[in-house]
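# Architecture at a glance
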Amino acid sequence: MEFKEKKIILLSLDGGGIRGIISCVILKYIEDKLKEQDCEDAKIGDYVDFIAGTSTGALIASLLLLPSDEHPKKAKHSITDALNIYLGEGKNIFSKTFWTILNNPLAVFKDNFSTVVLESQLELVFKKTELKNLIRPCALVAYDTEHQKPKIFNSIDGISPFRNFYIKDVCRASSAAPTYFEPAKIKSFAEQEFSCIDGGVFANNPTFCGFIESQKINFSKYFKDALKFDGTAPLQEFVTISIGNGSRAKSYKHSELAGISKSKWVDPLVDIFISTGVNMVDMEMKSMYDLLKPKYQHNYYRFNPEIPESSIDLGNVSNANIKTLLDVANDYVAKNKEYLDEVVQKLIINKIEIQ
């Protein structure tokens with residue numbers, strides 16, 4: 001082992017609608033390598049210590065952290081299972097109707113879509129699974145409109161009925177896209193009500209949210225692993241794997257923006273705000289790791305391919321766009337195997353063993 005202690009593995013998954021396919025493809029490469037090199041039944045959820053997710057990222061994270069029917073502390077789904085569910089293949093749980101409503105979380109001037117399809121599909125996938133039943137601690141990100149502050153759902157908080165929720169409601173809250181359907185009105189197990197919207201309004205890249213939320217956990221005691229850090233872990237104890245769903249390639253020329261009305265400013269501003277927020281979190285995380293000793297500086301990974309402008313729409317579920325996203329993701333994986341293989345080795349070295 002490179003270090004005496006095992007590092008804490010933090011996985012972060014951006015929002016991005018149908019572009020979540022990109023995250024799934026990148027994770028599939030990692031999981032396939034784990035199957036080859038460590039365990040033929042490897043599942044990503046069993047190799048990470050903490051997952052942060054926003055919107056689509058929260059949905060994928062929840063799939064990865066669902067408990068196995070045979071073992072309540074091991075993962076039920078591989079990333080391949082999650083990808084099949086995500087694309088509507090296999091059991092065809094998610095239809096294209098679902099994806100037409102899980103669109104741009106901040107788009108405006110469009111009629112509200114019914115929430116019935118979204119809620120029924122989440123019910124089919126997650127049934128009555130509770131937040132406290134997830135196999136790892138997490139930061140599933142939404143925004144509380146009533147109290148005007150972030151709402152972070154963490155499985156370790158679920159021991160309290162005031163902070164425990166059905167996972168289907170957590171995913172509903174994290175992906176409640178404004179103007180597409182109503183804010184999510186959800187209840188804790190203590191009957192407290194919350195009004196939430198898509199977490200992408202403030203943290204489409206939830207990496208920093210995940211790190212902050214992880215500070216409440218003693219990973220050594222939580223996992224009963226003496227080689228994990230005992231206490232509140234500093235950044236140098238983390239291997240952070242942050243996965244985006246495609247950087248935005250759209251640009252705005254002066255001639256396109258000069259003199260336009262207030263209403264026409266909305267879409268460009270939304271695009272700029274989300275893109276800037278995603279990139280700023282990446283820059284901040286890189287800067288934080290750069291302040292550490294050299295041997296720790298290479299424990300931050302950000303995977304986020306550039307996508308064509310035609311694929312920016314988060315709800316474009318056409319066959320042509322899905323093919324484009326798959327092609328972009330596979331090409332990106334092929335060009336970044338060296339770094340992805342490093343991640344695989346660090347996952348194996350730092351894996352915890354749950355009996």
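Residues numbered from 1 in each chain as written. Predicted model: local features only at pLDDT ≥ 70, side-chain atom pairs only at ≥ 80, totals over all residues. Heavy atoms only, no water.

Moving on to the UniProt feature "active site" (unreviewed entry) in the protein chain. Look at the UniProt record and you will see "active site" (unreviewed entry) annotated at S55 and D198. Across 144 residues, the annotated set stays spatially compact, with a maximum C-alpha separation of 6.1 Å. Its place among the elements puts S55 in the loop between β2 (50–54) and α2 (56–65). Sequence-distant contacts of S55, defined by excluding residues within four places in its chain, comprise G15, V141, S174, S175 and D198. (UniProt positions renumbered as here; feature names shortened; annotations may be inferred. Helix = DSSP H or I, 4+ residues; strand = E, 2+ residues; numbered from the N terminus. Contact = heavy atoms within 4.5 Å.)

A separate point is the pairing of strand β3 (residues 138–144). Every regular strand shows the same layout, with side chains that alternate between the two sheet faces. Burial of β3 is extensive: 7 of the 7 residues sit out of reach of the surface. Here β3 shows no split at all, with C138, L140, A142 and D144 on one side and A139, V141 and Y143 on the other all buried. Where β2 meets β3, 4 bridges bridge the pair, whose relative direction is parallel. Across the sheet, T54 pairs through a bridge with V141, a residue of β3. Counting the residues between successive antiparallel strands, the hairpin from β3 to strand β4 (residues 149–153) contains 4 residues, one of them, Q148, with a positive phi of roughly 55°. Two strands pair when backbone bridges link them, and β3 and strand β6 (residues 193–198) are joined in this way by 3 bridges, in the antiparallel orientation. Each residue of the ladder has a partner; that of A142, found in β6, is D198. (Buried < 20%, exposed > 50% of the residue type's maximum accessible area, 1.4 Å probe, protein only. Pairing = 2+ DSSP bridges.)

A few words now on the confidence of the model for the protein chain. When pLDDT drops low, the exact placement of atoms in the prediction is not to be read closely. Put simply, the protein chain has an average pLDDT of 86, and 83% of its residues get 70 or more. Note on residues 89–113: pLDDT is under 50 here. Beyond four places in sequence and across chains, it has 71 contacts. (pLDDT = per-residue confidence, 0-100.)

Applying the stated criterion across every chain, the model contains 10 aromatic pairs. Pairing Y222 with F223 gives two aromatic rings, centres 4.8 Å apart and planes at 85°, and the pair type is edge-to-face. Residue classification places F223 among the buried residues on the basis of a relative accessible area of 7%. The ring of Y166 has K128 sitting right over it, with the charged end atom 5.0 Å from the ring centre. The ring of F194 is capped by K151, whose NZ or CZ atom sits 4.0 Å from the centre of that ring. (Phe/Tyr/Trp six-rings, centres within 6.5 Å; stacked < 30°, edge-to-face > 60°. Lys NZ or Arg CZ within 6 Å of the ring centre and 35° of its normal.)

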